[in-house]
Structure formats: C-alpha cells, structure tokens
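In case you want the letters, here they are:
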Amino acid sequence: MCLINETFKIFNNSVFNADYHNRRFNKARAELFSLPPADIRNFINTENLNPDFTYKCIIVYDNEIHDIIYELYKIKNIKSLKLIHSNDINYNYKFNNRDLINKLKDKKENCDDILIVKNGMITDTSFSNICFHDKSGWYTPSSHLLNGTTRMRLIDTGKIKEINIAESEITKFERASLINTFYDLDVLTLDTAEIFS
C-alpha cells in the first residue's frame, strides 16, 4: 500500500482548516487501512515554530505515522497553465508518490504549472484544486482528482459551487483561482486566457 500524507498550513502556531484535514485523514484511515478515527492534531507540535512564519507541516502515514515534517512555506507565483491530458491518472487520496503528476508537470513547457484534463473534463493543477469565475459566481469541477480541504470548506459555506466543467468550456469563464491549504479563494488567480492547450 502506498504511503499517504496530510499537509497543513501552520501560522501563529495555529493549524488552518484543521477539522477538514481531520475529516480527510480519517476517511483515508478507514477506507484504506480499516482504522478507527483519530485526531490528527494530536500528532502536531508547534512549540518550536516561529509564530511569525508560515509553515508547511506534512504527516506521512499508512496504518501508522511514519514521519512529521515542518518546513517554511514558499509562496508560489502562477501566471499561466498548460492543459495536459491524462485519462489514467488516479489521485483520490493524497498519495506520497507523485511520480505521475511530476511526469505530467514536465510537459508544462513555458507555463508555470499544468491543468490536468481527464476524459475531456477539467480536474486539478499539479498542486491545487481550481475554481472558475463568471458573472454569476465561482465554480469548481466535479471531476476533481483530490477533494481538497479548502475546496470542501468553500463548498460547505456556499462560496463555490461544484459543476461539470469540460475542457471546451474554460473560455466561458473570465478567470481562475487556484485553491489549496495555503491559498483561499481569489488569492492565487489568473485570467483564463493564460490557460494554454
């Protein structure tokens, strides 16, 4: 069985979006390893972290915790995306092995990152979920690869809606927002004209 990881944003000694991370952690534990629920926050120790910095905390696990890594988070600057097709990709859990995603990312050419298309439908970038905006609001693809914790929260709070978005429909939207545990909605954005086939 592959190793799984859960990645958190820590700032001011606080774990962001902790309830949603815990939900995803326990879903993977139950479905992959038949383990009872646990509180992932019990494995995190922020005592030695500088509260003025943003940290990336990675917990690597299968049926037990293998590693807990703390590192300073480096801000990404994404201004363009390259559409890359892969009908075989499967990333429904946050697998530690990202070899296929990294191979796809090698095809980004002059773009900053990739946007993966599976069976004609928009999924995710190499590191985030994606949302698209038009005059009626924000939408995220129902054909996502990984159900991100920020994505879950934004759907639950009604800030984004989940819909089918085909590759051919991107041009209906004005701009895109990349979301993950470090980037909330409308923070890391680009015009849809900067998504290239």
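Anyway, here's the lowdown on the structure attached to this text. (Residues numbered from 1 in each chain as written. Predicted model: local features only at pLDDT ≥ 70, side-chain atom pairs only at ≥ 80, totals over all residues. Heavy atoms only, no water.)

As a further point, take the nonpolar core. Among the nonpolar cores identified, the biggest contains 24 residues, and I59 and Y61 are the most heavily contacted of them. At the level of secondary structure, the elements contributing two or more residues to this core comprise β1 (4-11), α1 (18-33), β3 (54-61), α2 (99-105) and β6 (113-118). Among the elements that make up this core, the one with the highest residue count is β3 (four residues). Other than its neighbours up to four places away in sequence, Y61 contacts L3, I4, N5, E6, F25, A28, R29, F33 and H66. Counting 21 residues, the second largest nonpolar core, distinct from the first, contains L83, F127, I170 and I195. (Core = buried A, V, L, I, M, F, W, Y, C linked by side-chain atoms within 4.5 Å. Buried < 20%, exposed > 50% of the residue type's maximum accessible area, 1.4 Å probe, protein only. Helix = DSSP H or I, 4+ residues; strand = E, 2+ residues; numbered from the N terminus. Contact = heavy atoms within 4.5 Å.)

Here we come to the packing of aromatic side chains. Counted under the stated rule, the structure contains nine aromatic pairs. Considering the side-chain rings of Y73 and F182, the 3.8 Å spacing of their centres and the 5° angle between planes classify their relative orientation as stacked. Placement of Y73 in the loop between β4 (65-72) and β5 (81-85) and of F182 in the loop between β11 (175-180) and β12 (183-191) is noted, with a sequence separation of 109 residues between them. In this pair, the class of Y73 matches that of F182, namely buried. Taken together, a centroid distance of 5.4 Å and an interplanar angle of 35° make the contact between F132 and F173 tilted. Taken together, the positions of F132 in strand β8 (residues 129-134) and F173 in the loop between β10 (161-163) and β11 put the pair 41 residues apart, joining distant regions of the chain. Taking relative accessible area as the criterion, F173 reaches 5% and is therefore assigned buried. (Phe/Tyr/Trp six-rings, centres within 6.5 Å; stacked < 30°, edge-to-face > 60°.)

A word on the sheet that holds β4. Read from one edge to the other, the open sheet built from four strands follows the order β2-β1-β3-β4, with strand pairing classed as antiparallel. Sheet topology places β2 (14-15) and β4 at the edges, where each strand pairs with a single neighbour. Where β1 meets β2, two bridges bridge the pair, whose relative direction is antiparallel. Across the sheet, F11 pairs through a bridge with S14, a residue of β2. α1 contacts β1, β2, β3 and β4 of the sheet and is inclined by roughly 170° relative to β1. (Pairing = 2+ DSSP bridges. Axes fitted to C-alpha atoms, helices over the stretch in contact; angles between N-to-C directions.)

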